[in-house]
Amino acid sequence: MIAIRVIDSITELQPADAGCIALSGSHGGLSSARYALAVRPLLSVFSDAGVGRDAAGIAGLEFLQTHNLAACTVSHTSACIGQAASTLAHGVVSHANAAAQALGIRTQERLQPQIDNLSRRQP
């Protein structure tokens, strides 16, 4: 099984978390994506934080894609921003980069069943 890290802030990732599924309550902006890049999870999950001006709340997804890392966001209307447990329990995927889609992540669907399926794969 693939390890799942449920962390309110993506800044809590550690080098030992490489290859995990990182479920965070953080926004999906560039600053958050840089923390994910440093650790290289299999999948990073963020909040879209309402997307924001110039799509700042999801800008990290494309950034991570340029590094061949999977990332997606859940809608801010489906889960509490900053609360990873809410991201997992209630999140509905709002955006996913191509690498996340290749792992089977689909938008407009609940996150938890998708994570359950993904985590059952062999690392």
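Residues numbered from 1 in each chain as written. Predicted model: local features only at pLDDT ≥ 70, side-chain atom pairs only at ≥ 80, totals over all residues. Heavy atoms only, no water.

## What to know about the side chain of Ser 75
(1) Moving on: Note on placement: Ser 75 falls in the loop between β4 (70-74) and α3 (84-90).
(2) Moving on: The contacts of Ser 75, once residues within four sequence positions are left out, are Asp 48, Val 92 and Ser 94. (Helix = DSSP H or I, 4+ residues; strand = E, 2+ residues; numbered from the N terminus. Contact = heavy atoms within 4.5 Å.)

## Here's the deal with the pairing of strand β3 (residues 43-47)
(1) Moving on: A large share of β3 lies buried, amounting to 5 of its 5 residues.
(2) Moving on: Covered by surrounding structure in β3 are Leu 43, Val 45 and Ser 47 together with Ser 44 and Phe 46, the residues of both alternating faces.
(3) Moving on: Where strand β2 (residues 21-27) and β3 come together, 4 bridges link them in parallel fashion. Looking across to β3, one finds that His 27 is bridged to Ser 47.
(4) Moving on: Taken together, β2, helix α1 (residues 30-39) and β3 constitute a β-α-β crossover, and its handedness is right-handed.
(5) Moving on: Here β3 runs beside β4; their pairing, made up of 5 bridges, is parallel. Within the sheet, the bridge partner assigned to Val 45 lies in β4 and is Cys 72.
(6) Moving on: As a crossover connection, the stretch from β3 through helix α2 (residues 59-65) into β4 is right-handed. (Buried < 20%, exposed > 50% of the residue type's maximum accessible area, 1.4 Å probe, protein only. Pairing = 2+ DSSP bridges. Right-handed = clockwise from strand over helix to strand, strands pointing away.)

## Re unusual backbone geometry
Glycine aside, residues mostly have negative phi, and peptide bonds are mostly found in the trans state.
(1) Moving on: The residue Val 51 is not glycine, and still its phi comes out positive at about 70°.
(2) Moving on: Inspection of the secondary structure assignment puts Val 51 in the loop between β3 and α2.
(3) Moving on: Of note in this structure, Asn 68 is not a glycine but carries a positive phi near 60°.
(4) Moving on: For Asn 68, the location among the structural elements is in the loop between α2 and β4.

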